Amino acid sequence: MNLILFSPPGAGKGTQALYIVKNYNFFQLSTGDLLRNEIKNKSPLGSNIEKIISKGEFVSDEIVDNLIKKSILKIKFSHPIIFDGYPRNLSQTNNLENILNKFNQKISFTIFLNVSREIIEKRIMGRITCEKCNITFNEFSNKKEIEEHNCGKEFLVKRQDDDKKIAMSRYDTYMEKTKPVLDFYSSRKGFFEINGSLKIEQITNKIDDIFKSLRD
């Protein structure tokens with residue numbers, strides 16, 4: 001029962017993906033994490049990726065497709081997969097469909113967290129992420145959670161791509177390029193759209209309702 005989780009950058013997709021992984025035994029395949037790991041490892045590929053991201057641009061399909069293929073070959077669907085941030089265009093969609101067919105797998109359902117540009121801007125400017133546990137907070141709306149965070153404040157950092165101009169450019173590009181992909185999956189059974197401007201726990205509850213409806 002594989003899942004695609006869509007949302008524009010800054011919509012809280014990572015938080016919900018972690019919840020699904022923990023509570024429904026999914027394996028999270030995040031293109032963002034794959035790209036950041038390459039940068040962190042300081043590989044030649046990582047250096048190239050860092051330059052692309054710093055300009056507010058998206059990494060090429062070839063690079064992302066290859067990272068996805070390598071990851072899938074390692075895990076071989078030992079757990080259902082939640083595809084986080086992939087596919088982002090029709091070319092990547094076709095690539096994913098081909099990979100799934102080879103393993104006799106399919107996308108069972110799709111969730112789209114839809115958030116307006118204005119709200120994304122506010123979220124991104126206050127976003128900080130824990131380098132230790134990968135949980136994301138907002139400096140403006142999660143003050144208590146930040147104070148009580150178990151890992152400690154020293155691990156809370158701003159992501160390199162959380163620059164306003166870059167972030168909003170990425171939002172606009174994402175919405176433009178991803179629309180055909182959303183149209184593709186929304187025409188299929190199992191497409192769910194959630195208002196991503198809701199509070200985290202409200203979104204989580206709606207995701208729980210989706211899983212419950214699929215099991216009934």
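Worth saying up front: this structure is predicted, and the values here are computed from it rather than measured.

Draft legend 1. Expanded view of unusual backbone geometry. Between Y86 and the following residue, P87, the backbone shows a cis peptide bond with an omega angle of 0°. The phi angle at N25 is positive, at roughly 60°, despite the residue not being glycine. Within the element layout of this structure, N25 appears in the loop between α1 (13–24) and β2 (27–30). A positive phi angle is found at N134, which is not glycine, with a value near 70°.

Draft legend 2. Just the state of the cysteines, in detail. All chains considered together, the criterion is met by zero disulfides. Looking at the unpaired C130, the closest cysteine sulfur is the one in C133, lying at 3.6 Å. Judged by its relative accessible area of 28%, C133 is partly exposed.

Draft legend 3. Just the sheet that holds strand β6 (residues 136–138), in detail. Ordered in space as β6-β5-β7, the three strands form an open sheet in which the pairing is antiparallel. Looking at the sheet topology across the chains shown, the edges are occupied by β6 and β7 (156–157). Alignment of strand β5 (residues 127–130) against β7, held across two bridges, turns out to be antiparallel. Note on β7: the bridge partner recorded for T129 is V157.

The rules behind each value
Residues numbered from 1 in each chain as written. Predicted model: local features only at pLDDT ≥ 70, side-chain atom pairs only at ≥ 80, totals over all residues. Heavy atoms only, no water. Helix = DSSP H or I, 4+ residues; strand = E, 2+ residues; numbered from the N terminus. Disulfide = S-S within 2.5 Å. Buried < 20%, exposed > 50% of the residue type's maximum accessible area, 1.4 Å probe, protein only. Pairing = 2+ DSSP bridges.

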